[in-house]
Amino acid sequence: MEQSAEIERAVGLIEGAIAGLGVDAETVRVEAPPGNLRAWSLRRGSAGVAVFIRAPKDGEASPWLRVAAPIVVADPANELALYKKLLELNARGLGAVEFGALDGRVMVVAERRTVDLEPAEVAWLIERVGVVADHYDDTLVERFGGQKVGG
């Protein structure tokens, strides 16, 4: 499939999944940051969830779906213990999502190439990132300090 057709197919799947969550996709569409082709921003519980179609990088044949939720600004005094805990949680399995750190923020992230992407999978990834982010934002701040993003 031509890349522009693949992007439009992915847009339709994402906007359908967002609508399935009871949100008007047009109202949550935002300007895509550099390196991304399309973007949406919505709330799932106390967490903000961003959905992107990421442009392919060198060696990649297709765009990627990326769902990310920044949840905690890390307390520098407890970063080592926090990051160790996040790695342990990743190793135990979080159901297709993982924790990461970017610019001092803890993120919940899921990525998948758009080829063969199914509607139920898009909806599940958005929902899963939101559920994990909403669950762990308060828990991590209580245990390791820092500050919730957006709260």
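Residues numbered from 1 in each chain as written. Predicted model: local features only at pLDDT ≥ 70, side-chain atom pairs only at ≥ 80, totals over all residues. Heavy atoms only, no water.

Below, the discussion takes up the nonpolar core. Of all hydrophobic cores here, the largest spans 40 residues; its most connected members are Val51, Ile71, Phe99 and Leu140. Secondary-structure elements contributing two or more residues to this core are helix 1 (3–20), helix 2 (25–28), strand 2 (36–44), strand 3 (47–54), strand 4 (64–73), helix 3 (79–92), strand 6 (105–113) and helix 4 (119–144). (Core = buried A, V, L, I, M, F, W, Y, C linked by side-chain atoms within 4.5 Å. Buried < 20%, exposed > 50% of the residue type's maximum accessible area, 1.4 Å probe, protein only. Helix = DSSP H or I, 4+ residues; strand = E, 2+ residues; numbered from the N terminus.)

What follows concerns the side chain of Arg54. Following the sequence through the fold, Arg54 ends up in strand 3. Here the side chain of Arg54 touches Glu60 through a polar contact of 3.1 Å, side chain to side chain. (Polar contact = N/O pair within 3.5 Å; in protein donor to acceptor, adjacent residues only side chain to side chain.)

In this sheet, strand 6 lies alongside strand 4 in antiparallel orientation, the contact comprising nine bridges. Looking at strand 6, one finds that Ala69 is bridged to Val108. Both strand 5 (residues 98–102) and strand 6 contribute to a ladder of five bridges, which runs antiparallel. Its bridge partner being in strand 6, Ala101 is matched across the sheet by Val106. In this antiparallel pair of consecutive strands, strand 5 and strand 6, the connection spans two residues, and Asp103 shows a positive phi of 55°. (Pairing = 2+ DSSP bridges.)

Let's shift gears to the packing of aromatic side chains. Using the criterion set out here, one finds one aromatic pair in the structure. Measuring from ring centre to ring centre gives 5.3 Å for Phe99 and Tyr136, while their planes differ by 90°; the resulting arrangement is edge-to-face. Taken together, the positions of Phe99 in strand 5 and Tyr136 in helix 4 put the pair 37 residues apart, joining distant regions of the chain. Each member of the pair, Phe99 as well as Tyr136, carries the same accessibility label: buried. (Phe/Tyr/Trp six-rings, centres within 6.5 Å; stacked < 30°, edge-to-face > 60°.)

Looking at the secondary structure, you find Gly100 in strand 5. Measuring from C-alpha to C-alpha, the distance between Gly100 and Ala68 comes to 9.7 Å, with 32 residues separating the pair along the chain. Leaving out residues up to four positions away in the same chain, Gly100 has contacts with Arg105, Val106 and Met107. (Contact = heavy atoms within 4.5 Å.)

Between helix 3 and helix 4, the shortest axis-to-axis distance is 10 Å and the interhelical angle comes to 140°. Relative to helix 4, the element helix 3 is oriented oblique. In this structure, the crossing between helix 3 and helix 4 has a hand that is right-handed. The residues of helix 4 that touch helix 3, namely those facing Ala81, Leu82, Lys85, Leu86 and Leu89, are Tyr136, Leu140, Arg143 and Phe144. Tallied by class, the residues present in the contact of helix 3 with helix 4 amount to seven nonpolar, no polar and two charged. (Axes fitted to C-alpha atoms, helices over the stretch in contact; angles between N-to-C directions. Parallel < 35°, antiparallel > 145°, perpendicular 65-115°, else oblique. Left-handed = near helix turned anticlockwise from the far one by under 90°. Nonpolar A, V, L, I, M, F, W, Y, C, P; charged D, E, K, R; others polar.)

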